[in-house]
Amino acid sequence: EWQENMHQALSRHIQSFAVTDAVFKLRCSTGIQIKSYYIGSGNVVEGTLGSAEVELPSVSSSSTIAVELDHRVGGLPKNKKFAFLQSALLYTTRGGQRRVRVS
């Protein structure tokens, strides 16, 4: 039984989505700014006010990134009902291609 579990764990690891040399960027509506990033390993990237990018040496399918947002002075414009966020990840595949994923 342990051999089957090990085989499945190794197979998942080998077949998982993994990339290198990544840059994560978040764009925010007027009135919102990025306070800090929290990377899945427990690392906090502080002092990113005004900078919407964080560099990551590697990213896998189990990687997580959380972003703490802050209101800018003056807040959201009064005529706006919604705030919008757009994220993008620029990365290098195992085959050496540079790609972008946007959400």
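Look up: the structure comes first, before these words.
So, here is what we can say about the structure in this document. Since this is a predicted model, take the numbers as computed values, not measurements. (Residues numbered from 1 in each chain as written. Predicted model: local features only at pLDDT ≥ 70, side-chain atom pairs only at ≥ 80, totals over all residues. Heavy atoms only, no water.)

## A short note on the packing of aromatic side chains
(1) Moving on: Counted according to the given criterion, the structure contains 2 aromatic pairs.
(2) Moving on: Measuring from ring centre to ring centre gives 5.9 Å for F24 and Y37, while their planes differ by 85°; the resulting arrangement is edge-to-face. Placement of the pair is F24 in strand β1 (residues 18-28) and Y37 in strand β2 (residues 32-39), with a sequence separation of 13 residues.
(3) Moving on: For the ring pair F82 and F84, a centre distance of 6.4 Å and an interplane angle of 45° mean the geometry is tilted. Like F84, F82 is exposed. (Phe/Tyr/Trp six-rings, centres within 6.5 Å; stacked < 30°, edge-to-face > 60°. Helix = DSSP H or I, 4+ residues; strand = E, 2+ residues; numbered from the N terminus. Buried < 20%, exposed > 50% of the residue type's maximum accessible area, 1.4 Å probe, protein only.)

## Quick notes on the layout of surface pockets
(1) Moving on: Space inside the largest pocket adds up to approximately 190 Å³.
(2) Moving on: Contributing to the lining of the largest pocket are 14 residues, with F24, V59, I65, L89 and R101 lying nearest its centre.
(3) Moving on: Looking at the lining of the largest pocket, the elements that each hand over two or more residues are β4 (53-60), β6 (85-92) and β7 (98-102).
(4) Moving on: Sorting elements by how many residues they give to the lining of the largest pocket places β6 first, with 3 residues.
(5) Moving on: Broken down by class, the residue content of the lining of the largest pocket amounts to 7 nonpolar, 6 polar and 1 charged. (1 Å grid on protein atoms, 1.4 Å probe; cavity = no way out; pocket = protein on both sides within 12 Å on 5 of 7 lines; lining within 4 Å. Points joined across faces, edges and corners; volume = space filled by probe spheres on them. Nonpolar A, V, L, I, M, F, W, Y, C, P; charged D, E, K, R; others polar.)

## Quick look at the sheet that holds β1
(1) Moving on: Overall, antiparallel pairing links the 4 strands, which are arranged β4-β1-β6-β7 in an open sheet. Edge positions in the sheet fall to β4 and β7, since each has one partner strand and no second. Between one strand axis and the next, the sheet turns by 25° as a mean value, whatever way the strands run.
(2) Moving on: Summarising the sheet, β6 and β7 pair through 5 bridges and their orientation is antiparallel. Each residue of the ladder has a partner; that of A88, found in β7, is V102. (Pairing = 2+ DSSP bridges. Axes fitted to C-alpha atoms, helices over the stretch in contact; angles between N-to-C directions.)

## Re the pattern of salt bridges
(1) Moving on: Per the counting criterion, the structure on display carries 3 salt bridges.
(2) Moving on: A salt bridge links K25 to E53, with the shortest nitrogen-to-oxygen separation between them at 3.7 Å. Placement of the pair is K25 in strand β1 and E53 in strand β4, with a sequence separation of 28 residues. (Salt bridge = Lys/Arg side-chain N within 4 Å of Asp/Glu carboxyl O.)

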